[in-house]
Amino acid sequence: MRRSSNNKNNNHSKTISRFSQTLSHIKNLHWVVIEDANVTPTNKRFQSPVVERILQRSGLPYVYFHATTEPGMPKRGWTHRNRALQFIRENYKDYKKGAVVYFADDDNSYDIRIFDQYIRRVKRLGIWAVGEHFVGRKLTIELNSISGLAGSAAVEAPRVANKTIVGWDVVFAPGRAFATDMAGFALNLKEILRVPTASFAQRCAKSSPETCFLAQFGMKKEEAEPFGYDDDPKEVSGV
């Protein structure tokens, strides 16, 4: 997870406090927090005391780092996610119990069921629908009757036939190999370790970051595991 310091309303403590309350209900979770912050000669180990207290109160095992956007990289959290991937590969290379990596943002809202019903069950690459405002929100409206929120659509989802992803119900660039949102997928730790060079690289700036990142694992969309497509009402993750 990475959190941004670019919130003009200075709501960092509010959003991360809310997010910590959600995560505190999840068992067997390690929270990797990446602060979007500058490093100065007198502040080489930047940490916000407010955030630190929130993390301590959460009762969750966590690590807390800072990172700034590398030159040539978009200011969209790519450097921060790469820093998290580096930590995971260095510290979980011998982990044998099984784990799943999920990129979350503190300004999203999450239904806790997404962690146990979707994320925890991912064997390689799991993908699910993404909706505005909520991760795991129940939506009873028809997909083909809504528009105007996430990428000009309230819900963007994988199109599934016979339990296989065959396309994408999205507005923006539906021809992408993985037309999903950052909140709409998770990778098993084994995949992260299997491809140690996979990252949000500068070359991804010319394409969709999700597609660019996921394509580095050498999988096709048909090999991904769809979740929630047969829920009624639909369970949706969100931005």
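Remember, it's a predicted structure, so these values are computed and weren't measured experimentally.

Regarding its fold elements, the protein presents six helices and 14 strands. Within the span of the protein, comprising 239 residues, buried residues form 51% of the whole. Pairs at least 24 apart in sequence give 72% of the contacts found in the protein among residues at least 6 apart. Surface summary for the protein: the accessible area is close to 12700 Å², and the carbon and sulfur share equals 48%.

Moving on: the packing of aromatic side chains. All chains considered together, the criterion is met by 18 aromatic pairs. Each ring, one from Phe19 and one from Trp31, has its centre 5.6 Å from the other, and the planes form 90°; the classification is edge-to-face. Residue Phe19 is located in helix α1 (residues 12–23), and its partner Trp31 is located in strand β2 (residues 31–36); the two are separated by twelve residues in the primary sequence. The buried category is assigned to Trp31, whose relative accessible area is 2%. Between the aromatic rings of Trp78 and Phe200, the centroid separation amounts to 6.5 Å while the plane-to-plane angle is 40°, which identifies the pairing as tilted. Residue Trp78 is located in helix α3 (residues 78–91), and its partner Phe200 is located in the loop between α5 (189–194) and α6 (209–215); the two are separated by 122 residues in the primary sequence. Comparing Trp78 with Phe200 shows no difference in burial state: the two are buried. Taken together through their ring pairs, the aromatic side chains of Phe19, Trp31, Tyr102, Tyr110, Phe115, Tyr118, Trp128 and Phe227 make up a single cluster. Between Arg83 and the ring centre of Phe65, over which it is positioned, the NZ or CZ distance is 4.3 Å.

As summarised here, the arrangement of the four strands in space is β4-β12-β6-β13, forming an open sheet in which the pairing is mixed. Since the sheet does not close on itself, it has two edges, and those belong to β4 (100–101) and β13 (225–226), each with one partner. As defined by bridge partners, β4 adjoins strand β12 (residues 185–188) across two bridges and the pair is classed as antiparallel. Residue pairing in the sheet places Val100 in a bridge with Asn188 of β12.

All right, on to the nonpolar core then. In terms of nonpolar packing, the biggest core is built from 36 residues, with Leu125, Ile127, Phe185, Leu187, Ile192, Phe213 and Phe217 touching the most fellow members. Sorting the residues of this core by element identifies β2, β3 (62–67), α3, β6 (125–127), β11 (164–169), β12, α5 and α6 as the ones contributing at least two each. Of all the elements, α3 adds the most residues to this core, at five residues. Residues contacting Ile127, with those up to four places away along its chain left out, are Pro158, Ile165, Trp168, Phe178, Thr180, Gly184, Phe185, Ala224, Glu225, Pro226 and Phe227.

The next subject is the environment of Lys14. Relative to the assigned elements, Lys14 resides in helix α1. For the pair formed by Lys14 and Val51, sequence separation is 37 residues and the distance between their alpha carbons is 9.8 Å.

Rules behind the numbers
Residues numbered from 1 in each chain as written. Predicted model: local features only at pLDDT ≥ 70, side-chain atom pairs only at ≥ 80, totals over all residues. Heavy atoms only, no water. Helix = DSSP H or I, 4+ residues; strand = E, 2+ residues; numbered from the N terminus. Buried < 20%, exposed > 50% of the residue type's maximum accessible area, 1.4 Å probe, protein only. Contact = heavy atoms within 4.5 Å. Areas by Shrake-Rupley, 256 points an atom, 1.4 Å probe, with all protein chains shown as cover. Phe/Tyr/Trp six-rings, centres within 6.5 Å; stacked < 30°, edge-to-face > 60°. Lys NZ or Arg CZ within 6 Å of the ring centre and 35° of its normal. Pairing = 2+ DSSP bridges. Core = buried A, V, L, I, M, F, W, Y, C linked by side-chain atoms within 4.5 Å.

That is the geometry; function is a separate question.
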